[in-house]
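A structural walkthrough
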Amino acid sequence: DVATGSGGVSIEGDLAALRRLRVDTGSGSVRLRSTAMPSIEIVIDTGSGDVDVDAPGALVKKLASGAWTVRLQDGAGSGVIDTGSGSVDIIIAE
């Protein structure tokens, strides 16, 4: 779990084993970059930021609430990314 009142969060590395993710920024962007594809479903609420996903085979949906869901592989794990005013970038570079 990572929380910042005002500041960005960058998580990088081999995240293949990632099954739980909680990131909350009051006003900061979130960047998730992995060299391997995790199996996780992430709910993203950006308030006023963009969501950009560059991951082969990712299933990305915008919900009626304005939030997004991103499913990687079979979505075995679960995650939440919440930014009050910041963008979210998810990059999988296998």
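Residues numbered from 1 in each chain as written. Predicted model: local features only at pLDDT ≥ 70, side-chain atom pairs only at ≥ 80, totals over all residues. Heavy atoms only, no water.

1. Quick word on the pairing of strand β7 (residues 59–62)
Cut-off, in case you're wondering: In this analysis, strands are considered paired if DSSP registers two or more bridges between them. In DSSP terms, a helix is any run of H or I states spanning at least four residues, a strand is any run of E spanning at least two, and both are numbered starting from the N terminus.
Here β7 runs beside strand β8 (residues 68–72); their pairing, made up of 4 bridges, is antiparallel. Considered in β8, the bridge of Lys61 is made with Thr69. Hairpin connection between β7 and β8: a loop of 5 residues separates the two successive antiparallel strands, and Gly66 in this loop has a positive phi of roughly 100°.

2. A short note on unusual backbone geometry
The phi angle at Gln73 is positive, at roughly 55°, despite the residue not being glycine. Its location among the elements puts Gln73 in the loop between β8 and β9 (77–83).

3. Let's talk about the sheet that holds strand β2 (residues 9–13)
Definition in use: Under this scheme, a helix contributes an axis fitted over its contacting stretch, all axes are lines through C-alpha atoms, and angles between N-to-C directions fall in the 0 to 180 degree range.
One open sheet accounts for 4 strands, arranged β2-β4-β10-β6; its pairing is parallel. In the strand order of this sheet, the two ends are held by β2 and β6 (51–54), each with one partner. Recorded for the sheet is a direction-independent mean angle of 0° between the axes of neighbouring strands. Strand direction decides the pairing type here: β2 and strand β4 (residues 30–34), joined by 5 bridges, are parallel. Within β4, the position partnered with Glu12 by the bridge is Arg33.

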